[in-house]
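# Structural characterization, general
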Amino acid sequence: MACVERCRCCAESRRHGSILYNILRSEERAARPAGQGPRRGQASGGCPCGSRRRVALRSPQVACKAASAVLVKTLRFVQNVPCFQELPLDEQLLLVRSCWAPLLVLGLAQERVHFETVESAEPSMLQRILTTRRHGEHTPPRAPAPGRPHHGPGGPHLPSAGEIQAIKGFLAKCWSLDISTKEYAYLKGTVLFNPDLPGLQCTQYIEGLQREAQQALNEHVRLIHRGPSLEQ
């Protein structure tokens, strides 16, 4: 295969900046008045009040169904990329396992999936300690029911309000940029073909694919939006 022939040489230790990060940052800098620093509540290193409280989906069945549909569509997109099909199967699995989450978020942005959350009534630390001790003393541990995940004494992990707000902020930014279908495809290519993953063998070939996706996106952005190059 072309992959095997092209990846035998040693890969260069180049590092590509995230083109998606550059797009979002360039838009943010352009929209911010000159001399104005980060807005209140966005200070670096700070944690906005309430951002650590735990939240849950308001309509989990609806949201999970929509996310599952996006994930299936995203995996079909990846499988239909000709260059991806040329890679050995273990290389394909390694790439997908490492980037399925950011690809899913890009898919949620492309499909304009909205979701709402509600604050979760988490038990206090004292209540957790007492509950754990009571179950430990009087009730033997039970195996999880078939088909249901097992959670520790603290219950299932719930995301924080800050984590959810970061995702929703990213989605809103993508929607405000009005990213086209072709631009989403190039962005997914830069995320998918990550040559820096440990264990890859076709690093030079994958690096070339990532570079091609970045260059194609830059050319498309310059042609459509007539902006400067997004490469660092």
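Nothing here was measured: the structure is a model prediction, and the numbers come from that model.

The next subject is the overall build of the protein. From N to C terminus, the protein includes nine helices and two strands. Looking at the protein residue by residue over its 232 residues, the buried ones come to 27%. Approximately 15800 Å² of the protein is accessible, and the part contributed by carbon and sulfur atoms is 55%.

Now for the packing of helix α5 (residues 89-110) against helix α7 (residues 161-177). Following both chains from N to C, one finds α5 and α7 inclined at 50°, their axes separated by 9 Å at the closest point. By the angle between their directions, the pair α5 and α7 is classed as oblique. Of the two elements, α5 crosses α7, and the hand of that crossing is right-handed. Here Val105, Leu106, Leu108 and Ala109 of α5 come into contact with α7, specifically with Phe170, Leu171, Cys174 and Trp175. Residues belonging to the contact of α5 with α7 are distributed by class as follows: eight nonpolar, no polar and no charged.

Now for the nonpolar core. Counting residues in hydrophobic clusters, the biggest one holds 21 residues, and the most contacted among them are Leu108, Ala109, Leu171, Cys174, Ile179 and Tyr184. Counting only elements with at least two residues in this core, the list comes to α3 (60-79), α5, α7, α8 (181-192) and α9 (203-225). If you tally residues by element for this core, the top one is α7, at seven residues. Once residues within four sequence positions are removed from consideration, leucine 171 is found in contact with Val105, Leu108, Ala109, Val113 and Phe115. Leu103, Leu192, Tyr205 and Ile206 belong to the second-largest nonpolar core, a separate cluster that totals 15 residues.

Reading the values: rules and limits
Residues numbered from 1 in each chain as written. Predicted model: local features only at pLDDT ≥ 70, side-chain atom pairs only at ≥ 80, totals over all residues. Heavy atoms only, no water. Helix = DSSP H or I, 4+ residues; strand = E, 2+ residues; numbered from the N terminus. Buried < 20%, exposed > 50% of the residue type's maximum accessible area, 1.4 Å probe, protein only. Areas by Shrake-Rupley, 256 points an atom, 1.4 Å probe, with all protein chains shown as cover. Axes fitted to C-alpha atoms, helices over the stretch in contact; angles between N-to-C directions. Parallel < 35°, antiparallel > 145°, perpendicular 65-115°, else oblique. Left-handed = near helix turned anticlockwise from the far one by under 90°. Contact = heavy atoms within 4.5 Å. Nonpolar A, V, L, I, M, F, W, Y, C, P; charged D, E, K, R; others polar. Core = buried A, V, L, I, M, F, W, Y, C linked by side-chain atoms within 4.5 Å.

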